[in-house]
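# Fold and contact review
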Amino acid sequence: MIQFKQVNKTYPNGVEAVRDLSLEIAEGETLVLLGTSGCGKTTTMKMVNRLIEPTSGCIVVAGTNIMEQDSIELRRQIGYAIQHIGLFPHMTVAENIAVVPKLLKWTPERISSRIDELLGLIGLEPKEFRDRYPSQLSGGQKQRIGVARALAADPPIVLMDEPFGALDPITREQLQNEFIELESEIEKTIIFVTHDIFEAVKMGDRIALLDKGCLQQLAPPAELVENPANKFVEQFLGQHRFQLSLLTRTIKTMSSRLTLNETVSKTPIPDLNLNARSSLIDALDMFKRTKKTDLPVYSKNEYLGNLDKSQLLKEITQILGNAGGAR
C-alpha cells in the first residue's frame, strides 16, 4: 500500500530530518512511528500526503509515486487526524465532518448518511451531537470528531499525529481502547505517530523506531520488546521491559486455555468481559475491579470462552521468570 524507497529529507538549514528511509506498509496495517522529539517521525508521516516533500528518494502509494500526483487530490484521498484536532469553531459537528465529502461533491443525502454512520461508529448519538459546536464538546468528544472527520470520505489511508496526546490519562486510555475496537471495523491503512512506547505497543501492528532520522528497528511490538536490534533500542525501552511484555501479550495468545461456559451471554456486557485484543495488564485490571475468578472473552460480539484468573496469573509469573532470566 505505502512504500518508502531510500527517502531523505534535508531542510534548508542543513538539518537531516529523515535519512535513507526504506520500509513498506501493508494494506490494512497500523504502523506506529515512534521516537523522541526531533527523530523524524512526524516529518516521515507528513511526506506521505506531501505536507512536507522529500528531498530525494521515492514514496509510492497504491502503486503510484506521490510526486506524480496532484498534491490536493492526494490529500483528499488520505485522512488526517492531529493532536490538537483543528475543528472549525464556527461550524457544527456535522459541518466539520462534511468538509472533505463536500469538496468531493458528494450529494447532501450521502453526506448526511455518512455523518450519522460515523457518529454512531465513534459512540456519539447523531441526534444529540450533529448540531453542536466544538465549544460545546469535551476534549474526548472533540478528538472523536477529529477522527470521524479524518474518516469522512472513507479514505484507504489515515495519518494520525499524536491524536490522543493532549488528553488526560483516563480519557486517553479510553480513546485508545475504543480506537483499537474501531480498527477492525474501518479496515484502513494507518500511520500513527507517538513518542510514548506504551501507546506504540498498544496501538500498532508494527513499530518503526526512529532516532535522528534513521530507522533503528521495524518490528511487531512483541519482537521489538523481546529482541531489541541494538543498544539504542534497549536504552529506549529502558526499565519498562517487563511491563511492556505484558502489554504486547494479549488474551488472544491464551485462546487455547479458554474454557466454554454455556450459561454465558452471547452478547458482551460492558465492564464485565474481556476482549481478545485486551492486554494481560488490562485483563489483570479487570479481574481486580470485578473481583471475579473468571471472565468471558469476546472478539467483537463473538463469545470465545472464559479466562480463569489463575491461568492469567500463571502466564504473568512465567513472563516475570523469563524477564528475570534475561537480566
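The structure under discussion appears in the preceding block.
Residues numbered from 1 in each chain as written. Predicted model: local features only at pLDDT ≥ 70, side-chain atom pairs only at ≥ 80, totals over all residues. Heavy atoms only, no water.

This brings us to the state of the cysteines. Scanning all chains against the criterion turns up zero disulfides. The thiol sulfur of C39 is not disulfide-bonded, and the nearest other cysteine sulfur, from C214, lies at 11 Å. Note on C214: relative accessible area 22%, which makes it partly exposed. (Disulfide = S-S within 2.5 Å. Buried < 20%, exposed > 50% of the residue type's maximum accessible area, 1.4 Å probe, protein only.)

Counting across every chain of the model gives 14 salt bridges. Here E117 ties to R114 by a salt bridge, and the two come within 3.2 Å at their closest N and O atoms. Placement of both E117 and R114 in helix α5 (residues 108-121) is noted, with a separation of three residues, approximately one turn of the helix. Residue E117 is classed as partly exposed on the basis of its relative accessible area of 45%. When the shortest N-O distance is used, the salt bridge between K188 and D154 registers 2.3 Å. You can see K188 sitting in the loop between α8 (169-186) and β8 (189-194) and its partner D154 sitting in the loop between α7 (139-151) and β7 (157-161), a full 34 residues away along the chain. Take D154: its relative accessible area is 45%, and that puts it in the partly exposed class. (Salt bridge = Lys/Arg side-chain N within 4 Å of Asp/Glu carboxyl O. Helix = DSSP H or I, 4+ residues; strand = E, 2+ residues; numbered from the N terminus.)

Turning to the environment of D161, a few remarks are in order. Counting through the fold element by element, D161 comes out in strand β7. D161 gets classed as buried once you look at its relative accessible area, which sits at 12%. Residues in contact with D161, not counting those within four places in the same chain, are T42, M45, K46, Y80, A81, I82, Q83 and V193. Engagement of the side chain of D161 in a polar contact is seen with the side chain of T42, the distance being 3.5 Å. (Contact = heavy atoms within 4.5 Å. Polar contact = N/O pair within 3.5 Å; in protein donor to acceptor, adjacent residues only side chain to side chain.)

Moving on, we come to the nonpolar core. Formed by 49 residues in total, the largest nonpolar core has its most connected members in L34, I97, L119, I145, M160, F179 and I197. The next biggest cluster of nonpolar side chains, apart from the first, holds 26 residues, and it includes M47, V48, V61 and I191. (Core = buried A, V, L, I, M, F, W, Y, C linked by side-chain atoms within 4.5 Å.)

Alignment of strand β1 (residues 2-10) against strand β4 (residues 56-61), held across five bridges, turns out to be antiparallel. Within β4, the position partnered with F4 by the bridge is I59. Judged from the six bridges that link them, β1 and strand β2 (residues 16-25) form a sheet pairing that is antiparallel. Counted as the bridge partner of K9 is V18 from β2. Between β1 and the antiparallel strand that follows it, β2, lie five residues; G14 among them carries a positive phi value of about 95°. (Pairing = 2+ DSSP bridges.)

Our next topic: the sheet that holds strand β11 (residues 274-275). An order of β11-β12-β13 is seen for the three strands of this open sheet, with the pairing classed as mixed. In this open sheet, the two edge strands, each paired with only one partner strand, are β11 and β13 (302-308). Bridge count for β11 against strand β12 (residues 294-299) is two bridges, and the pairing is parallel. Each bridged residue has a counterpart across the sheet, and for N275 the counterpart in β12 is Y298.

Right, let's get into the packing of aromatic side chains. Per the stated rule, a full pass over the model turns up four aromatic pairs. For the ring pair F232 and F236, a centre distance of 6.1 Å and an interplane angle of 40° mean the geometry is tilted. Within this pair, F232 and its partner F236 are both found in helix α11 (residues 231-237), separated by four residues, close to a single helical turn. Classification of F232 as partly exposed rests on a relative accessible area of 21%. (Phe/Tyr/Trp six-rings, centres within 6.5 Å; stacked < 30°, edge-to-face > 60°.)

So, on to the sheet that holds β1. Pairing is antiparallel in the open sheet, where four strands are placed in the order β2-β1-β4-β5. Where the open sheet ends on each side, the last strands, each with one partner, are β2 and β5 (64-65). As paired strands, β4 and β5 are joined by two bridges and run antiparallel to one another. Bridge pairing links V60 to N65 in β5. In the packing of helix α1 (residues 41-48) onto the sheet, contacts are made with β1, β2 and β4, and the angle to β1 comes to roughly 120°. (Axes fitted to C-alpha atoms, helices over the stretch in contact; angles between N-to-C directions.)

Along helix α13 (residues 280-290), the residues that are buried comprise L280, A283, M286, F287 and T290. Taken end-on, α13 shows its buried residues confined to a sector of 115°, consistent with a single buried face. Trailing α13 by a residue or two, K291 shows a phi angle of about 60°, which is positive. (Arc of directions from axis to C-beta.)

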